[in-house]
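The residues making up each chain are set out below.
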Amino acid sequence: MSGPTAHSPVDLTGKVAVVTGSGRGLGLAYASALAAAGASVVVNDLDEAVAEQAAKSITEAGGRAVAEAVAVGTTEAADRLVARAVEEFGRLDVMVTNAGILRDRVLWKMTDEDFDAVVTTHLKGTFTCARAAAVRMREQGEGGRLILVGSPAGQRGNFGQTNYAAAKAGIAAMTRTWSMELARAGVTVNAIVPVAATAMTETIPAFAPYIEAMRRGEPLPDFLRKGEGFGTAEDCAALVPFLASDAAKDVTGQCVGIGGDRLALWSHPQEVSVAYADGGWRPETIAAAWHTSVGREPQSVGIPAPVIPEA
């Protein structure tokens, strides 16, 4: 594992990070990238064998890592992760809340259990882990980094993902809120919005043949890497050590997209069209004015379908 170069603005030597859900996939890529930049990392997964193997892969590459197997979502789990970082490495500087699950179903088929499981892991898991980290970082008095993991589904909605999209939208809102609350403590809070070849995206029919070709060692075409911002988990990982570093000390409250060759800044929700009525609005006047005023250009929803070039 090659470390940071001398005087690198993203040198994380001496820093300690927790990455939830980092046994495989994007989470492991984030943990590995942090370790390569010099950070000591607590790797987390629900499966103890997976967590141990992930930590081993980092240490064998020259990094420092330990495993903590626990399902995120509860206060007890969050406290365990922070405590493990402090016990092993003496402090906590970075919390990356990556852990997540999917229970996809359309609204009328989604059960309470489907909804609660996803919201508990993604939304409450992010809240409890961020809270535990914030308490420790404020006690240390040296600032810190909360790096939350969002999704395009949380920014725009996605068919069949009521629970997941709602949780990821909540994470974007918490990012903005916590960036204000923790500013005085020197703790930055940002969300990353990754797009990569994972177990979830490989089910998209348009992507499937390209992902299969990538696994055979073939490069992804430019229309995916640039046009769709779609690549490997490792392509997304560079954003995490950047946000964890001094190079991003003034970056906070942002939702940053990354994937393939593409880096992007997502906008915050804001009013895009306004109309006024003297004395206030009535249902009839709204109906009369809607299509020629605020409703003239309605906002689109959903993640745009990939544009596949014709053969």
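Owing to the predicted nature of the structure, the values given are computational and were not obtained by experimental measurement.

J.: I'd love a proper account of the overall build of the protein chain, names of residues and values included.
T.: Per the secondary structure count, the protein chain includes 11 helices and eight strands. Rg of the C-alpha trace for the protein chain: 21 Å, near the compact-globule value of 19 Å for 311 residues, within the 12% margin. Expressed as lengths along the three principal axes of its C-alpha atoms, the size of the protein chain is roughly 65 × 55 × 45 Å. When the accessible surface of the protein chain is totalled, it reaches about 15900 Å², and 55% of it is carbon and sulfur. Treating the 27 positive side-chain charges of the protein chain as one cloud and the 35 negative ones as another, the clouds have centres 3 Å apart.

J.: Describe the sheet that holds strand S2 (residues 40-45), and please don't skip the residues or the numbers.
T.: Read across the open sheet, the eight strands follow the order S3-S2-S1-S4-S5-S6-S7-S8; overall the sheet is mixed. Each edge of the open sheet is held by one strand with a lone partner, namely strand S3 (64-69) and strand S8 (262-265). Ignoring which end each strand starts from, the neighbouring axes of this sheet average 20° apart. Inspection of the sheet shows strand S6 (residues 187-194) paired to strand S7 (residues 255-259) by four bridges, in the parallel sense. If you follow Val193 over to S7, its bridge partner there is Gly257.

J.: Could you give me a rundown of helix H4 (residues 112-140), with the residues and numbers involved?
T.: Across its 29 residues, H4 extends 40 Å between first and last C-alpha, which sits within 8% of the 42 Å expected from 1.5 Å per residue. At Thr120, H4 is bent by approximately 40°, the largest bend along its length. Of the residues one or two after H4, Gly141 is the one with positive phi, at around 70°.

J.: Before we move on, could you go through the environment of Asp112 and cite the residues and values that matter?
T.: Turning to its location among the elements, Asp112 is positioned in helix H4. Along the sequence, Asp112 and Asn163 sit 51 residues apart, while their C-alpha atoms lie 9.9 Å from each other.

J.: For the pairing of S2, give the residues involved together with the corresponding values.
T.: By the criterion of burial, S2 is predominantly enclosed, with six of the six residues buried. Of the two faces of S2, the one holding Ser40, Val42 and Asn44 and the one holding Val41, Val43 and Asp45 are both buried throughout. Note that strand S1 (residues 16-19) and S2 share four bridges and pair parallel. Bridge assignment links Ala17 to a residue of S2, and that residue is Val41. Handedness of the crossover is the feature at issue here: the chain leaves S1, passes through helix H1 (residues 25-36), returns alongside S2, and the resulting connection is right-handed. Relative to S3, S2 is paired through six bridges, and the arrangement is parallel. In the sheet register, Val42 faces S3, and the bridge partner there is Val66. Crossover handedness for the path S2 to helix H2 (residues 48-60) to S3: right-handed.

J.: Explain the state of the cysteines to me, using residue names and the numbers behind them.
T.: A full pass over the atoms with the stated rule returns zero disulfides. Just so you know, Cys129 is unpaired, no disulfide at all, and the nearest cysteine sulfur is the one on Cys255, 18 Å from it. Exposure remark for Cys129: the relative accessible area of 1% places this residue in the buried category. Looking at Cys255, it has no disulfide partner, and the nearest cysteine sulfur is the one in Cys236, 15 Å off.

J.: Can you break down a nonpolar patch on the surface residue by residue, with the values?
T.: The grouping of Trp281, Ile286 and Trp290 at the surface amounts to a nonpolar patch, some 300 Å² of accessible area in total. Among the secondary structure elements, Trp290 is positioned in the segment after helix H11 (283-289).

J.: Please give an account of the side chain of His122 that cites residues and values.
T.: Looking at the secondary structure, you find His122 in helix H4. Of the residues examined, His122 reaches a relative accessible area of 4% and is grouped as buried. A polar contact of 2.9 Å, which involves the side chain of His122, links it to the backbone oxygen of Ile101. Each residue touching His122, except ones within four places of it in the same chain, is listed here: Ala99, Gly100, Ile101, Tyr164, Ala167, Lys168 and Ile171.

J.: Can you explain the packing of aromatic side chains? Please cite residues and give values.
T.: Each aromatic ring pair is described using two quantities: the centre-to-centre distance and the angle formed by the ring planes. Throughout the structure, instances matching the rule amount to one aromatic pair. For the pair Tyr210 and Phe223, a centre-to-centre distance of 5.3 Å together with 80° between the ring planes defines the contact as edge-to-face. Separated by 13 residues along the polypeptide, Tyr210 in helix H7 (residues 208-215) and Phe223 in helix H8 (residues 222-227) bring together distant segments of the chain. Here Phe223 falls in the buried class, since its relative accessible area comes to 19%.

J.: An account of the environment of Gly279 is requested, with residue identities and associated values reported.
T.: On the secondary structure map, Gly279 appears in the loop between S8 and H11. We classify Gly279 as exposed; its relative accessible area is 89%.

J.: An account of the pattern of salt bridges is needed here, citing residue identities and associated values.
T.: What the rule picks out here adds up to 12 salt bridges. A salt bridge links Asp235 to Arg225; the nearest nitrogen and oxygen atoms lie 2.8 Å apart. Of this pair, Asp235 sits in helix H9 (residues 233-237) while Arg225 is found in helix H8, placing the two residues 10 residues apart along the sequence. Neither Asp235 nor Arg225 differs from the other in exposure class; each is buried.

About the cut-offs
Residues numbered from 1 in each chain as written. Predicted model: local features only at pLDDT ≥ 70, side-chain atom pairs only at ≥ 80, totals over all residues. Heavy atoms only, no water. Helix = DSSP H or I, 4+ residues; strand = E, 2+ residues; numbered from the N terminus. Rg over C-alpha atoms; globule rule 2.2 N^0.38 Å. Areas by Shrake-Rupley, 256 points an atom, 1.4 Å probe, with all protein chains shown as cover. Lys, Arg positive; Asp, Glu negative; His and termini not counted. Charge placed at Lys NZ, Arg CZ, Asp CG, Glu CD. Pairing = 2+ DSSP bridges. Axes fitted to C-alpha atoms, helices over the stretch in contact; angles between N-to-C directions. Expected span 1.5 Å × (residues − 1). Bend = angle between axes of the 7 residues up to and from the residue. Buried < 20%, exposed > 50% of the residue type's maximum accessible area, 1.4 Å probe, protein only. Right-handed = clockwise from strand over helix to strand, strands pointing away. Disulfide = S-S within 2.5 Å. Patch = residues over 30% accessible without salt bridge, like charges linked within 9 Å, V, L, I, M, F, W, Y side chains within 5 Å. Salt bridge = Lys/Arg side-chain N within 4 Å of Asp/Glu carboxyl O. Polar contact = N/O pair within 3.5 Å; in protein donor to acceptor, adjacent residues only side chain to side chain. Contact = heavy atoms within 4.5 Å. Phe/Tyr/Trp six-rings, centres within 6.5 Å; stacked < 30°, edge-to-face > 60°.

By themselves, these figures tell us nothing about what the structure is for.
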